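Structural description and commentary
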Amino acid sequence: MKLTDIKELKKIANNIRISIIEQVYEAGSGHPGGALSIADIMAVLYFNQMNIDSKDEKSNLRDRLVLSKGHAVAALYAALAEKGYIPKEELKTFRKLGSRLQGHPDMEKLPGLDMSTGSLGQGLSIANGMAIASKMDSLGCRIYCILGDGEIEEGQIWEAAMTANKYHLDNLCVILDFNGLQIDGTVEEVKALDCLRSKWESFGFNVISCNGNDVEMLISSFEQAKQTKGMPSIIIAETIKGKGVSFMENKAEWHGKAPNEEEYNRAMKELKLEADKIENNIFELPGKEEKIWF
Amino acid sequence: MVLDKEIATRQSYGEALVELGEENENVVVLDADLSSATKTALFAKKFPDRFFDIGIAEQDMMGTAAGLSTFGKIPYASTFAVFAAGRSYDQVRNTIAHTNANVKICATHAGITVGEDGATHQMLEDIGMMRMLPNMRVISPSDDIQTKWVIKEVSKIKGPFYIRLCRLATPIIYDEKFVKENNIKFEIGKGIQIGDGTDASIIATGVTVSEALKAKEKLEKEGINVRVIDMHTIKPIDKELLIRCAKETKKIITVEDHSIYGGLGSTVCEVLSENYPVKVIRMGIKDTFGESGRAEELMKYFKIDCDSIIEIVKK
């Protein structure tokens, strides 16, 4: 069932954020920054865009998601729990011995996952294979693939981009989580992504850019991608790493560490305040500086 | 064994793919710009819609194959062994082995028998690298007939396989007469025993099996009776057969076109040291890279040919 109510989608995105913080805190480790940045993308994909059924999780006709930046898996588990694929109680087992919820997605352990990932740079090739297979059998599946911005420093991404172009994979929609940060600092410092838009355009992609933390813009971007025929699409989703937790926002240090008790309480307080704001229709004007490098 | 009729296992692979393509429409083939050398071009010609040339991008090819497999396709992904196992090891590890993907990696041009191309193209570590991966099964067929059987057989077994093929044309071993006389049956995970000599067991795989058989014939004329084990499946290894050979024969010799580290010889040592410790002599490439030359010359130079085997048996 497709959820179109923007307020509901925002609530789900916020629930995903709450869940990410809970999972990472409970586990004592994990990757909150890059999971928080894709919470809105996950909410829109799982509740508005993807043709999926939690009761028929292995249907060959379902849309697929390859979370190539597998370290952000807490956002994916949260979405799967919201959707009813896994009991919410199970989220407490994240990253613990014997859990189905491995530190990086493991499809062999958790059937709701469409692919195991973890080693960066590999997801787009896999998504291509899925998109080709769907086309071969005229199944009509759409294949989504979430890449990190730091991740596209991996050469295999560009090999795969050429393959997607070669086979005109218009059933493929790549989402680039453009939060501008990676472990060692800003993406600009570590390995600049100059001319990001023209890079992807020159590789044969239909390039759509949007605020990746804005549910409405994401929906219209996904719709635009769906309507594009004969070529793959990429949504360059400008996001904030750590989005929703003030002291984690735009801080590379929150890529891969868990909050302590005090930080956990502060984060939860902020996210619950946000839930109230969404409930009461209190919106803040976006104050984020526009990124100028693409 | 038909010594005068030679065919490279890569050629057998290409021909088997065409037959398999007819039999099973889920079979798809991927290559990385080497289809004329890996012989997947034969399949590409017959089934252009089921053939994907991913270009010189082996890592991308492995990922694409894994993606195809999640939709029920049975991908055969081919390139030279040095690229299949080496260049894309992380992709094979994380995207194929870890996910237990139904991908058949068919790596041609393995070993020093690649010949003139030299060290960069002579893969000597792939058996070791691949057999260390959980879920991965490793097969190194020895002749045309066995290769064709293996290629079809693995399509019926879910999960990843690494199949090691060669550039060098080698004799046909398993012709009808030979199979009948020696009561031979092909089974994945079961080595083939040829002869029951007790002076030595020569355990070989891939291109060295025919060398071992030639050595066996020559030795017989001198009154030395050996048995040859064609250990086509290196993982899972046939422990039972190895232990029996160790008990029944005076000498255990392994011979492979691969490094003596990590390959067939190491596997045999692992099994025997834990189950029935005996001395094992490992013939293979000894901690060195290959080099350019004709394949037959290189086999002599690196001492994995018939005469070198005879020498070791007699020692």
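Across its full length, chain A holds 10 helices and 7 strands. Taking 19 Å as the expected radius of gyration for a compact globule of 294 residues, we find that chain A reaches 18 Å, a close match to that expectation. Summarising its shape, the C-alpha atoms of chain A cover approximately 50 × 45 × 40 Å along the three principal directions. In chain A, of all internal contacts separated by at least 6 residues, the share reaching a separation of at least 24 is 76%. Accessible surface, chain A: about 11,900 Å² in total, of which carbon and sulfur atoms supply 50%.

We now examine the interface of chain A and chain B. The interface is formed by 28 residues belonging to chain A together with 25 residues belonging to chain B. In terms of surface lost to chain B, no three residues of chain A exceed Gln-122, Met-136 and Glu-159 of chain A, which account for 24% of the buried area on that side. Applying the counting rule to chain A against chain B returns 1 salt bridge. Here Lys-73 of chain B makes a salt bridge to Asp-137 of chain A, at a shortest N to O gap of 2.9 Å. Taken together, chain A and chain B are joined by 12 residue pairs in polar contact (both at pLDDT 80 or more). Those elements that place two or more of their residues in the side of chain A that touches chain B are α5 (123-136) and α6 (155-166) of chain A. Considering each element in turn, the side of chain A that touches chain B owes the most residues, 9 residues, to α5 of chain A. Each residue belonging to the side of chain A that touches chain B can be placed in one class, and the counts come to 12 nonpolar, 10 polar and 6 charged.

On to the packing of aromatic side chains, then. Going through the model one piece at a time under the given rule, you end up with 14 aromatic pairs over all chains. A centroid spacing of 5.1 Å and a plane angle of 90° characterise the contact between Tyr-174 of chain B and Phe-186 of chain B, whose relative ring orientation is edge-to-face. Of this pair, Tyr-174 of chain B sits in the loop between β8 (169-172) and α9 (176-181) while Phe-186 of chain B sits in the loop between α9 and β9 (192-194); the two residues are 12 residues apart in sequence, bridging distant segments of the chain. Like Tyr-174 of chain B, the residue Phe-186 of chain B is buried in the burial classification. One aromatic cluster in this structure is built from Trp-158, Trp-200, Phe-203 and Phe-205 of chain A. One cation-aromatic arrangement involves Arg-64 of chain A over Phe-71 of chain B; the distance from NZ or CZ to the ring centre is 3.9 Å. The ring of Phe-47 of chain B has Arg-50 of chain B lying over it, and the distance from NZ or CZ to the ring centre is 4.5 Å.

Residue and element names in this part refer to chain B. Following Lys-235, the chain continues to Pro-236 via a peptide bond in cis, the omega torsion being 0°. Summarising the element assignment, Pro-236 is placed in the loop between β12 (233-235) and α11 (239-248). Positive phi, close to 60°, is recorded for His-109, a residue that is not glycine. Relative to the elements of secondary structure, His-109 occurs in the loop between β5 (104-108) and α7 (126-131). With a phi close to 60°, Lys-303 is a non-glycine residue in the positive phi region. Within the secondary structure, Lys-303 sits in the loop between α13 (295-301) and α14 (306-314).

Attention now goes to the sheet that holds strand β2 (residues 143-148) of chain A. Residues and elements named next belong to chain A. Read across the open sheet, the 5 strands follow the order β1-β2-β3-β7-β6; overall the sheet is parallel. One side of each edge strand has no neighbouring strand; the edge strands of this open sheet are β1 (64-67) and β6 (206-211). Across the sheet, the mean angle separating the axes of adjacent strands is 20° when strand polarity is ignored. In terms of strand pairing, strand β3 (residues 172-178) meets strand β7 (residues 233-238) through 6 bridges, oriented parallel. Residue pairing for β7: Phe-178 is matched across the bridge by Glu-238. The sheet strands contacting helix α9 (residues 215-227) are β2, β3, β6 and β7, and the helix crosses β6 at an angle near 170°.

Ile-16, Met-42, Leu-45, Tyr-46 and Trp-200 of chain A together with Tyr-162 of chain B are the most contacted members of the largest nonpolar core, which totals 150 residues. For this core, the element with the highest residue contribution is helix α4 (residues 73-83) of chain A, accounting for 9 residues. Split by domain, the residues of this core number at least three in each of domain 1 (2-171) and domain 2 (174-314) of chain B. Beyond its immediate sequence surroundings of up to four residues, Trp-200 of chain A is in contact with Leu-124, Leu-147, Ile-152, Ile-157, Trp-158, Ala-161, Phe-205, Val-207 and Ile-234 of chain A. Ile-173, Ile-184, Ile-253 and Met-283 of chain B belong to the second-largest nonpolar core, a separate cluster that totals 37 residues.

Below, the discussion takes up helix α10 (residues 261-279) of chain A. Note: α-helices contain 3.6 residues per turn, so residues at a spacing of three or four share the same orientation. Residues and elements named next belong to chain A. In this model α10 runs 27 Å from its N-terminal to its C-terminal C-alpha over 19 residues, within 8% of the 27 Å that 1.5 Å per residue would give. Along α10, the residues that are buried comprise Glu-263, Tyr-264, Ala-267, Met-268, Leu-271 and Ile-278. The buried residues of α10 occupy one face: seen down the axis, they fall within an arc of 130°. Facing away from the buried side of α10 by more than 90 degrees, the exposed set consists of Glu-261, Lys-269 and Leu-273. A side-chain oxygen of the first residue of α10 lies 3.2 Å from the backbone nitrogen of Glu-262; this N-cap is Asn-260.

Time to look at the domain arrangement of chain B. Residue and element names in this part refer to chain B. Annotation of chain B at the domain level lists domain 1 (2-171) and domain 2 (174-314). Computed over C-alpha atoms only, the centres of domain 1 and domain 2 are separated by 23 Å. Regarding the contact of domain 1 and domain 2, the summed buried area is about 3,200 Å², with carbon and sulfur atoms giving 63% of it. Our enumeration of links across domain 1 and domain 2 arrives at 1 salt bridge. Glu-270 is the salt-bridge partner of Arg-131, the closest N and O atoms lying 2.7 Å from each other. Joining domain 1 to domain 2, the criterion identifies 25 residue pairs in polar contact (both at pLDDT 80 or more). Mapped onto the side of domain 1 that touches domain 2, the elements with two or more residues apiece are β1 (2-8), α7, β6 (137-139), α8 (144-153), β7 (161-164) and β8.

Residues and elements named next belong to chain B. Across the 5 residues of strand β2 (residues 27-31), 5 count as buried, placing the element largely inside the fold. Alternating positions in β2 separate into two faces, Val-27, Val-29 and Asp-31 on one and Val-28 and Leu-30 on the other, with burial throughout. With 5 bridges connecting them, β2 and strand β4 (residues 74-80) associate as parallel partners. Within the sheet, the bridge partner assigned to Val-27 lies in β4 and is Ile-74.

Linking two cysteines covalently through their sulfur atoms gives a disulfide. All names here are of chain B. Counted according to the given criterion, the structure contains 0 disulfides over all chains. Unpaired in this structure, Cys-106 has its nearest cysteine sulfur neighbour in Cys-166, at a distance of 13 Å. A relative accessible area of 0% places Cys-106 in the buried class. Of the cysteine sulfurs around Cys-306, a residue in no disulfide, the closest is that of Cys-166, at 18 Å.

Rules and cut-offs
Counting of residues starts from 1 at the beginning of each chain's written sequence and follows it residue by residue. The lettering of chains begins at A and the numbering of ligands begins at 1, in the order of writing. Only residues with pLDDT of at least 70 get local features here, since the model is predicted, and only at 80 or more are side-chain atom pairs given and counted; chain-wide, interface and lining totals rely on the full set of residues. No hydrogens and no water enter the side-chain calculation; it runs on all heavy atoms of the structure. Comment: elements are numbered from the N terminus, with helices defined as DSSP H or I runs of at least four residues and strands as E runs of at least two. This radius of gyration counts C-alpha atoms alone. The globule rule is 2.2 Å times how many residues there are, raised to the power 0.38. The contact rule is simple, with two residues in contact once any of their heavy atoms fall within 4.5 Å. Surface exposure here means Shrake-Rupley accessible area, sampled with a 1.4 Å probe, where a residue is shielded only by the protein chains that are shown. What counts as buried area is the accessible surface, traced by a 1.4 Å probe, that two parts surrender upon association, with contributions from both included. Every case where a carboxyl oxygen of Asp or Glu lies within 4 Å of a side-chain nitrogen of Lys or Arg is listed as a salt bridge. Contacts described as polar in this section are N or O atom pairs within 3.5 Å, which, within protein, must combine one atom able to donate a hydrogen with one able to accept it, while residues neighboring in sequence count only if both atoms come from side chains. Residue polarity is assigned by list, with Asp, Glu, Lys and Arg as charged and Ala, Val, Leu, Ile, Met, Phe, Trp, Tyr, Cys and Pro as nonpolar; anything else, Gly included, falls into the polar class. Two aromatic rings, drawn from Phe, Tyr or Trp (for Trp, its six-membered ring), form a pair once their centres lie within 6.5 Å of each other, and the interplanar angle then sorts them: stacked below 30 degrees, edge-to-face above 60, tilted otherwise. Type-normalised accessible area, obtained with a 1.4 Å probe on protein chains alone, sets the label of each residue: buried when under 20%, exposed when over 50%, and partly exposed for intermediate values. A positively charged side chain is recorded as over a ring if its NZ (Lys) or CZ (Arg) lies within 6 Å of the ring centre. The angle to the ring normal must also be within 35 degrees. For two strands to be treated as a pair, DSSP must find no fewer than two bridges joining them. Each axis is a line fitted through C-alpha atoms, and for a helix only the stretch in contact is used; angles between axes span 0 to 180 degrees, taken between their N-to-C directions. Among the buried residues, those of types Ala, Val, Leu, Ile, Met, Phe, Trp, Tyr and Cys that are joined through side-chain atoms within 4.5 Å form a nonpolar core. The domain limits used here are those given by an automatic or database domain assignment. Helices are assigned an expected span. That span is 1.5 Å times one less than the residue count. The reported arc concerns the directions from the helix axis to the C-beta atoms and nothing else. Any pair of cysteine sulfurs within 2.5 Å is marked as a disulfide.

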